[in-house]
Amino acid sequence: MQTNDIKNLIAQMTLEEKASLCSGLDFGHTKPIERLNIPALEMSDGPHGMRKQEQDANHLGVGDSIPAVCFPAGCASASSWDKNVLRMIGETLAKEYQAENVGVILGPAINIKRSPLCGRNFEYLSEDPFLSSELAAAYIQGVQSQNVGTSLKHFFANNQEYRRMTASSDVDERTMREIYLASFETAVKKGKPWTVMNSYNRVNGEYVGEDKKYLTDVLRGEWGFDGVVVSDWGAVNDRVKALAAGGDLEMPGSGGVNDALIVEAVKNGTLDEKIVDQAVERILTILYRFLDNRQQETFDRDKDHEIARQAEEESIVLLKNESGILPIREGTKVAVIGKYAKAPRYQGGGSSHVNSSRVSAALESLAQFTDVSFAEGFRDDKDETDEAMLAEAVQAATAADMAVIFAGLPDAFESEGYDRKHMRMPDCQNALIEAVCKVQPNTVVVLHNGAPVEMPWISRVKGVIEAYLGGQAVGAAVANVLTGKANPSGRLTETFPLRLEDTPCFLTFGGENERCAYGEGVFVGYRYYVSKKMPVLFPFGHGLSYTKFRYSNLSLDRAAMKDDETLTVSVDVENVGSVPGKEVVQLYVAPGKGSFTRPVRELKGFEKIELAPGEKKTVRFALDKRGFAVWDTRQHDWYVEDGDYAVQICKDAETVLLESNMRLSPVHPFIPAFTVNSTLGEIMRTEKGKTVLSAMQGSAPAQETAGMDGEFMAAIMDSMPLRWLVSFVPGFTWDAVNGIVYQLNH
Ligand code: BGC
């Protein structure tokens, strides 16, 4: 349907009909208007599998949904660092939604992992906004290529579950732009999602869902979003205010209560009817975009299960591999220990919960490869050591050549709706790992968890595999990595700290009195650990392979540039090992010393490449202004300070492999207006300042400087405001100070 037809349709609608279209019929549908033949649009979760619920089903994964394929959750798929993987998941999922006549997937979920404790981190992609937003854009493109919409969520600064519906995330302007809004920005600009879901929380005291600054000015005005803003389910506080701010669709609806408020507000003149028309037009636009482009898809669950396996194989992170314990050689006698070898934990709780069509267990696949024994080892319904299970596991480990323990976090430890209290695994699992290590030096741990855990046993195990919540095919994927059929190529998209107390927001996470101060500012995740040179368990970007890569020939196509130019960076990467493998080439920018407080380095480019043994490829990156810029709160804009910047190719956020320096300068240098509070140092650093101040020499406080160390005095004078002259230089008047300010500014 064309825009004009939609406008005509709206012209035929009564105010009541229009208001009714701005909220849901039920949990997953907009309201149909039979009189005008307008059907309902169905939306369903997302993000990593279809949760199409039957009528009358309830929320939060409690009600049954139709069987579907559970793909790796965001924590896992993002670890692929591969846009193609995200695109593939998106495309496959969208075909399932087409087959089931569902028009919008409620995902991707891309809130920043501010603390490892957030209960929903398993759905989110990263602690880094660049990575998160690029991957989200690829997922969106994948889904929408099949004419199914996405709902980019939860916009924004929704980084904890504690009081998520009322808490205020108190974030300063620069942090907001560089971290929390940035995670959405590229996803909106490049991905062009059909809808954006506003989050439950408030930001700096205002509900995001009622704040025009974000829903309209930033999202639409600055980023060009042209879709529907939908409320998170039940996020609407003041419906009329939300609609005026740009909140088009209320979900799931309020049984008509809020629709009536819209009608009343239009009638009493407090809400312009044009705003209602605009929201209706946006909703109808995506409804007909879906309907007019229906594809006749069939939904082959087994085929999609294989895609889920492939995606997980690309995402598994090999964290430790001492003495090349992995891959397991054929014929090795392996004691497979742990409940999750048979019944993996592969998805999280809450609205993303999928009724999986089938689940693959690693035990089954491993048994086909080599000689295995099995012991369940622990229970995950309560954190208590079962002595008989422990003894059985120790015995199996003693009798084998090596032990592989499938451990992780039980369902109750992490979920939508609440945050974790600590970063530990259950005590009974830690005790099991310690006991097995005592009898079996060749022990490997496979982890099934949605967020970082402490690993008190790390020095006693030879290998660790992070499988995350890897979707329904996790078992087969893990077995392929363990046995070397697949070469691991996932990299961490978040830091694994040594202890919870080390995390940047340890002191403020959760907040108090419904306000959470984001006091660590832009120093989130590795930006904090690397800047403070703090040791961590595993850094952001870390991940091992069964082969080795050599980097050479880092080259920048220019040594200096203005901030309206684009830099091309290239680097050669060679597989110098004996098996094929994939490498994630990571590019970071490290600013030199400037006037802004900045992280030591920030990720600005990444590319995953596949290399056969002996093969070499050149990887190219383009870096424009945003690769170097900070958000300048004086200008309320991105700004590149004049100075030196290092372009670094890193193995992970801590390890620089190659680097090259360049000089950047802004096309429009920002020269703040001088005031009586400008410091003598600031003034003297400008040509004009030097001229003006040297003209007044003689009135300078010469007697005070006599006998004093020059450097000391210069340092003090550097931060002295101009107005100080009135107090300390005899005869200096306000007229003289104001005269200097005038001369400096003209
Ligand atoms: C969640 C959303 C989800 C929605 C619909 C909300 O509670 O926060 O992520 O899409 O429910 O199930």
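See the structure shown above.
The rules behind these values
Residues numbered from 1 in each chain as written. Predicted model: local features only at pLDDT ≥ 70, side-chain atom pairs only at ≥ 80, totals over all residues. Heavy atoms only, no water. Helix = DSSP H or I, 4+ residues; strand = E, 2+ residues; numbered from the N terminus. Rg over C-alpha atoms; globule rule 2.2 N^0.38 Å. Buried < 20%, exposed > 50% of the residue type's maximum accessible area, 1.4 Å probe, protein only. Contact = heavy atoms within 4.5 Å. Areas by Shrake-Rupley, 256 points an atom, 1.4 Å probe, with all protein chains shown as cover. Lys, Arg positive; Asp, Glu negative; His and termini not counted. Charge placed at Lys NZ, Arg CZ, Asp CG, Glu CD. Pairing = 2+ DSSP bridges. Phe/Tyr/Trp six-rings, centres within 6.5 Å; stacked < 30°, edge-to-face > 60°. Lys NZ or Arg CZ within 6 Å of the ring centre and 35° of its normal. Near = heavy atom within 4 Å. Polar contact = N/O pair within 3.5 Å; in protein donor to acceptor, adjacent residues only side chain to side chain. Axes fitted to C-alpha atoms, helices over the stretch in contact; angles between N-to-C directions. Parallel < 35°, antiparallel > 145°, perpendicular 65-115°, else oblique. Left-handed = near helix turned anticlockwise from the far one by under 90°. Nonpolar A, V, L, I, M, F, W, Y, C, P; charged D, E, K, R; others polar.

(A) Representation of the overall build of the protein in the model. Looking only at helices and strands, one finds 23 helices and 25 strands in the protein. For a compact globule of 746 residues, the expected C-alpha radius of gyration is about 27 Å, and the protein comes in at 29 Å, within 12% of that figure. Judged by the C-alpha coordinates and their principal axes, the protein covers about 95 × 70 × 50 Å. Out of the 746 residues in the protein, the part that is buried amounts to 60%. In the protein, the proportion of contacts linking residues at least 24 apart, taken out of those at least 6 apart, comes to 76%. Carbon and sulfur atoms provide 50% of the accessible area of the protein, an area that totals close to 28800 Å². Across the protein, 78 positive and 103 negative side-chain charges occur, with their mean positions spaced 3 Å apart.

(B) Structural context of the sheet that holds strand S6 (residues 202-203). In spatial order, the strands read S7-S6-S4-S15; together these four strands make up an open sheet with mixed pairing. A single partner strand is all that each edge strand has here, and the edge strands are strand S7 (206-207) and strand S15 (515-517). Both S6 and S7 contribute to a ladder of two bridges, which runs antiparallel. Each bridged residue has a counterpart across the sheet, and for Val203 the counterpart in S7 is Glu206.

(C) Just the packing of aromatic side chains, in detail. Evaluation of the coordinates by the stated rule reveals 17 aromatic pairs. Note on Trp81 and Phe606: the rings are 5.7 Å apart at their centroids and 90 degrees apart in plane angle, and the pair reads as edge-to-face. Of this pair, Trp81 sits in the loop between helix H3 (74-77) and helix H4 (83-99) while Phe606 sits in strand S20 (residues 602-611), and the two are 525 residues apart along the sequence. A relative accessible area of 5% places Phe606 in the buried class. When the ring of Tyr526 is compared with that of Tyr588, the centres are 6.0 Å apart and the planes differ by 90 degrees; the resulting orientation is edge-to-face. Placement of the pair is Tyr526 in helix H17 (residues 526-531) and Tyr588 in strand S19 (residues 581-591), with a sequence separation of 62 residues. As far as burial versus exposure is concerned, Tyr526 and Tyr588 are alike and both buried. Grouping aromatic residues by their ring pairs yields a cluster made of Trp81, Phe130, Tyr526, Phe540, Tyr588 and Phe606. Seen from the ring of Tyr207, Arg202 lies directly overhead, with NZ or CZ sitting 5.8 Å from the centre.

(D) Local environment of the site of the ligand. Surrounding the ligand, one finds 14 residues, the nearest of these being Asp45, Arg120, His154, Tyr200 and Asp232. One of the side-chain N or O atoms of Arg164 is found 3.3 Å from an oxygen atom in the ligand. Between Tyr200 and the ligand, the recorded distance is 2.9 Å, taken from a side-chain N or O atom to an oxygen atom. Protein chains bury 99% of the 310 Å² of accessible surface belonging to the ligand in isolation.

(E) A look at the sheet that holds strand S18 (residues 567-575). Strand order in the open sheet formed by three strands is S16-S18-S21, with antiparallel pairing between adjacent strands. Each edge of the open sheet carries a strand with a single partner, namely strand S16 (549-556) and strand S21 (616-623). Pairwise comparison of adjacent strand axes, ignoring direction, gives a mean angle of 20 degrees for this sheet. Sheet topology note: the S16/S18 ladder contains six bridges and is antiparallel. The partner of Leu556 across the bridge, within S18, is Val569.

(F) Quick peek at the packing of helix H1 (residues 3-11) against helix H11 (residues 273-291). Direction vectors running N to C along H1 and H11 enclose 130 degrees, while the axes themselves pass 10 Å from each other. With respect to each other, H1 and H11 are oriented oblique. Regarding H1 and H11, the two cross each other, and that crossing is right-handed. Across from Thr3, Ile6, Lys7, Leu9 and Ile10 in H1, the residues of H11 making contact are Asp277, Val280, Glu281, Leu284, Thr285 and Tyr288. Taken together, the residues of the contact of H1 with H11 sort by class into six nonpolar, two polar and three charged.

Taken by themselves, the reported measurements are silent on function.
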